[in-house]
Every structure is written in C-alpha cells, then in structure tokens.
Amino acid sequence: MKFSQFYDECSTMGNEMSCANSSYFYCNQSLKCISYHRVGDGFRDCYYNEDELFPTCHLNISNRFNCTSDSTKCLSPVAIDDGKGDCSKTEDEISNYMDKIRQSLVFPSICYSRLNVLGDETNCEWWPCHNAYTHCDGRWDCLNGIDELNCPDTDCSWNNFQCKNSTLNLTYCLPLVHMFHKRRDNCTIDKYIRQLYFYNGTNDIDRSYYSFNQSKCITEDNICNHHSERAYIQQEDVCLKKQMFGIIVLDNNKIHKVDNNSNDRYLCELQSKIIPIHRTNDRFLTPLRLGYFPSTTSTSSVQRFFDKYEQKNDIPKIDNALVEYCHYGVLTLFKGVNQTKTCLCPPNYFGSQCQWQNQRISLTLQFKTQVIISPPFIFQFIIMLIDEQGNIVSNHEQIIYIPAQECKTKFNVYLLYPHRPKHSSINYSIRIDLFDKSTLEYWTSWYISIPFQFLPVNRISTQLIIPEVKKTE
C-alpha cells in the first residue's frame, strides 16, 4: 500500500462513536465528526464519502447551490465551478454553460471590435472613432491614428508615433504633422492600408499623398477617391465611424520615408500593443480615456524632424533618502528654490509621510450566480459602512461586476472608519446593495457583521450569491 493511501485513510477515518457537539456532522461508517459546513463541499472528508452522499438540502443551510438534477442535493459555494461535477448532470460547473456567454462582448466592445460576435452593431456608425474605449487599445480606429497617440507606455513626446527598425535596432518618434496616406483610385479591391508615409522635406509633396495634418478627421474619401473633389474639403472636428467603415489601417504598419523627388524607402514599423479581448479589464487609467481635454504643453523643443535613439540599459541614480521618505506612499517633488516633498498615501495609510495606519476594514469579496442569468447583466455593487442606527458613513466603495467575465475574480476594497481613532463605543457593520447597472434597478442587499470590533484592522472575506430574480419589495 502506498503512503498516499495510508495518509488518505488516516485523515478521513476516526474512532468516535458520537459527536460531543451537536453542530458537527457524524460520519457513521468512517466514525468521524466534521463541521456541517464541510458537508457537500465537493471534497471527501469522510473515508466512505458519507459527507458527500448525504442529502444536504435537509440541513436547511442558506447560500447553497441546489442541484436541479437532484432536489435533495445542495452544494456549498466552494463546490461550484471547482472543475468536477458534483451534481449528477454537472450543472454546478457553471463554466460548462457560460462559454458562449463569455464570448459575448460587453458594451465597450460592441462597436469597437473587429469580431462581429453579437451581430448587433446598431448605430455604430455615429460613434466617434476616438473615445475612451478606443484610446490606446493597440488598433488604429481613426485613419490618422489619433486614438493611438500619447499613450502612457510610449517613449515618444506629445503627438508622435513610435516605430522601430528591427534591422538597425533603432526606434523613431515621428510627428503626426509629417505623416501621410497615399491616395488610391478606389479601395474596393483591397480595403487594407499596409503602408504609411513620412515626409519632412522643404518642397510641396505630390498631391497623391494626403497629410494627417490637413484635417482633424480623415475619411475614406480622402484616401480611396483620388479624383473626388470631396477629398480636399475640410472635414469636421469629430471623426465618425461611418466615414471610414470601408477601410482598415493594419496593425504594425510599415512606414516609408518620402524624399523631395517623391521616392520612398522603408524606414521603420509601427509599434503596436494589442490588448486581447479577455484582458480589457486590465486597461490603464488615464484622464485621456475619460473625454477630450486640452493638449498639454511641453517646454522642450525638438531640433530634428524625428527623435532617433538606440535602446539603452542605463539605470538612473536614485537617492535612497527619497525612496524611504514616504514609507508606503508615492513621493512627489515640486521644483523651486526649496524642493518641496509631498507624499501621496494609499487609503490604508495617512500622515505627512504615510507613516500611520488607518483603522479600517479590509474586505475581500467574490460573487457567484446560482444559475445562468439571461440576458447577460452588468451589476453594480455599492459597499457601505453603517453604524448601529443604520446611518451610512461617508466612506464607501463601488464595484462593477460582469458575471460572464469575472465569475472567479476576487475584489479587494478598504472601508475606513469615519473617526481617527475609531470610537470604541460605536459598533459598525457592512451593507452591500446590488443594482442592475444598465437600468439602475435595485436587485438585492446583504448585511455583513464585523467581528472583533476592538481591532484596528479587520480582515473579512466572503462569497456572495447573486439571486436569479431581483427583489420586488
């Protein structure tokens, strides 16, 4: 007999004839007592499997998954979607039924994906090509690439495209004002643009090239209708999708440099970082994604028509005193006669140098649905700290939850007490309200007690089961 078999028998067998505590479940063949919470959790705690064969719905424990194929079997939330079917028809494995739903695109991707998954792109042609959803997603949704300018991960200055010549191991920064499309007679044979052009000469460029700087919005007419009078008309400030539906600028486009004689040669290739559909929730946060803002100003002047540099591995010198100044925060320096240091503290710390811990609740949440909710919903959770009278304190948090994409995601939030230090005479609890994000209709609520109120930091983790039907009262 292998050691693993000895271990399995020793860990799941006992010698108890009964349970001294009535809150325990007795495995009558394995002679072992276990907590009722471990009954029907998808894990064999008793050698003869009494805990998993028991008709768990008779226990009347709340927040359990009821197998539709067996009305007597109610599973613990930890057994749901754990990779093995505990219900006779495996309906507890939500992933078996959610594959198609997960492939559905959420709202931001309906009009801005090249995959027509939903087949419902109603009125997409009236959307601007540059908005919070398309900015810096790695694809040129606008024909002049303005939606891919000024991204946080670029090494170039304002309004410059970054491209690389792998053969020479050189990276270039090309100003938008020197970028061009080459016109075609029509685009019906080939709708893809595979080459872009760079020109900084002193002579006027041939009319077969159309400048990115000629208008704020480049349309299909500007590129694909060489002899059209409309190709030279000043365009509107807002570029709509309907003006460029028939043409696509490919990712990693090749850039050719045009000389004064209108001859061109290969210069470099665009650097594109496509964000996969399943990682759209990992997108960065920047004010540019929230709307249109005035352009930032720069005091630096560009001497050459593009910046050219070799990749360097220089490590900048760091002042250790500055590194340690803010403890758990981020240091900001304001230049002047006396360089002023200011610390930006995370919510769990405070003080001039982020040196003190806030009294708080560290809350970890995971959400589950017992059944597939159709059509797919987007939920909004409002998480609040309330006192004994039900008054809501000023600090609260919000979570946007998409079951089709985030069924296994764990969310971490901090709830800060309203006073420093916390009033020991007041007991608090947590209230969580759930709403349908699309209609703002109320769905349900949960109340979570806070144990050990005397602790300065309380860590709570829980799993919430979203009911299939919203509450009506």
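Preceding this section is the structure that the text describes.
What counts and what doesn't
- Residues numbered from 1 in each chain as written.
- Predicted model: local features only at pLDDT ≥ 70, side-chain atom pairs only at ≥ 80, totals over all residues.
- Heavy atoms only, no water.
- Helix = DSSP H or I, 4+ residues; strand = E, 2+ residues; numbered from the N terminus.
- Buried < 20%, exposed > 50% of the residue type's maximum accessible area, 1.4 Å probe, protein only.
- Contact = heavy atoms within 4.5 Å.
- Disulfide = S-S within 2.5 Å.
- Pairing = 2+ DSSP bridges.
- Axes fitted to C-alpha atoms, helices over the stretch in contact; angles between N-to-C directions.
- Core = buried A, V, L, I, M, F, W, Y, C linked by side-chain atoms within 4.5 Å.
- Patch = residues over 30% accessible without salt bridge, like charges linked within 9 Å, V, L, I, M, F, W, Y side chains within 5 Å.
- Areas by Shrake-Rupley, 256 points an atom, 1.4 Å probe, with all protein chains shown as cover.
- Salt bridge = Lys/Arg side-chain N within 4 Å of Asp/Glu carboxyl O.
- Phe/Tyr/Trp six-rings, centres within 6.5 Å; stacked < 30°, edge-to-face > 60°.

S.K.: Explain the side chain of Ser 362 residue by residue, including any values.
M.R.: Secondary-structure assignment places Ser 362 in strand E17 (residues 360-369). Taking relative accessible area as the criterion, Ser 362 reaches 17% and is therefore assigned buried. Among residues more than four places away in sequence, those in contact with Ser 362 are Val 413, Tyr 414, Asn 458, Arg 459 and Ile 460.

S.K.: Explain the state of the cysteines to me, and be specific about the residues and the numbers.
M.R.: Scanning the model with the defined rule gives ten disulfides in all. Here Cys 67 connects covalently by a disulfide to Cys 87, the sulfurs 1.9 Å from one another. Disulfide Cys 67-Cys 87: torsion about the S-S bond near -70 degrees, hence left-handed. Of this pair, Cys 67 sits in the loop between strand E3 (65-66) and strand E4 (74-75) while Cys 87 sits in the loop between E4 and helix H3 (95-103), placing them 20 residues apart in sequence. Take Cys 67 and Cys 87: they sit in the same class, and that class is buried. Paired by a disulfide, Cys 163 and Cys 268 hold their sulfur atoms 1.9 Å apart. Here Cys 163 and Cys 268 share a disulfide; its torsion about the S-S bond, -65 degrees, makes the bridge left-handed. Here Cys 163 is found in strand E5 (residues 160-165), whereas its partner Cys 268 is found in strand E11 (residues 264-270), with 105 residues between them in sequence. No difference in accessibility class separates Cys 163 from Cys 268, as the two residues are buried.

S.K.: I'd like a rundown of the sheet that holds E17, residues and numbers included.
M.R.: By definition, the strands of a sheet pair up through backbone hydrogen bonds, in either a parallel or an antiparallel sense. Strand order across the open sheet formed by three strands is E20-E17-E23, with mixed pairing between neighbours. Edge strands, defined here as strands with exactly one partner in the open sheet, are strand E20 (410-416) and strand E23 (457-466). Averaged over all pairs of adjacent strands, the angle between strand axes in this sheet comes to 25 degrees, irrespective of strand direction. In the sheet, E17 pairs with E20 via seven bridges, with the strands oriented antiparallel. By the bridge assignment, Ile 361 is partnered in E20 with Leu 415.

S.K.: Explain the nonpolar core residue by residue, including any values.
M.R.: Of all hydrophobic cores here, the largest spans 28 residues; its most connected members are Phe 367, Phe 381, Ile 383, Leu 385, Ile 430, Ile 432 and Ile 466. Residue assignment for this core shows that the elements contributing at least two residues are E17, strand E18 (379-386), strand E19 (392-401), E20, strand E21 (429-436), strand E22 (442-449) and E23. Leave out the neighbours within four places in its chain, and Ile 432 touches Leu 365, Phe 381, Ile 382, Ile 383, Thr 444, Ser 445, Trp 446, Ile 448 and Leu 464. Grouped together as the second largest cluster of nonpolar side chains are 25 residues, Ile 218, Val 249, Leu 267 and Leu 270 included.

S.K.: Any details on a nonpolar patch on the surface? Residues and values, ideally.
M.R.: On the surface, Phe 452, Phe 454 and Leu 455 cluster together into a nonpolar patch covering about 350 Å² of accessible area. Counting through the fold element by element, Leu 455 comes out in the loop between E22 and E23. Note on Leu 455: relative accessible area 30%, which makes it partly exposed.

S.K.: Now, about the pattern of salt bridges: what can you tell me, with residues and values included?
M.R.: Summed over the entire model, instances satisfying the criterion amount to five salt bridges. The residue Glu 269 makes a salt bridge to Lys 254 at a minimum N-O spacing of 3.7 Å. In this pair, Glu 269 sits in strand E11 while Lys 254 sits in strand E10 (residues 248-258), placing the two residues 15 residues apart along the sequence. Judged by relative accessible area, which is 26%, Glu 269 ranks as partly exposed.

S.K.: Which residues make up the packing of aromatic side chains, and what values go with them?
M.R.: Per the counting criterion, the structure on display carries 21 aromatic pairs. Ring centres of Phe 161 and Phe 212 lie 6.3 Å apart, and the angle between their planes is 85 degrees; on these two criteria the pair is classed as edge-to-face. You can see Phe 161 sitting in strand E5 and its partner Phe 212 sitting in the loop between strand E9 (209-211) and helix H5 (220-224), a full 51 residues away along the chain. Judged by its relative accessible area of 4%, Phe 161 falls in the buried class.

The values reported here are purely geometric and, on their own, carry no functional implication.
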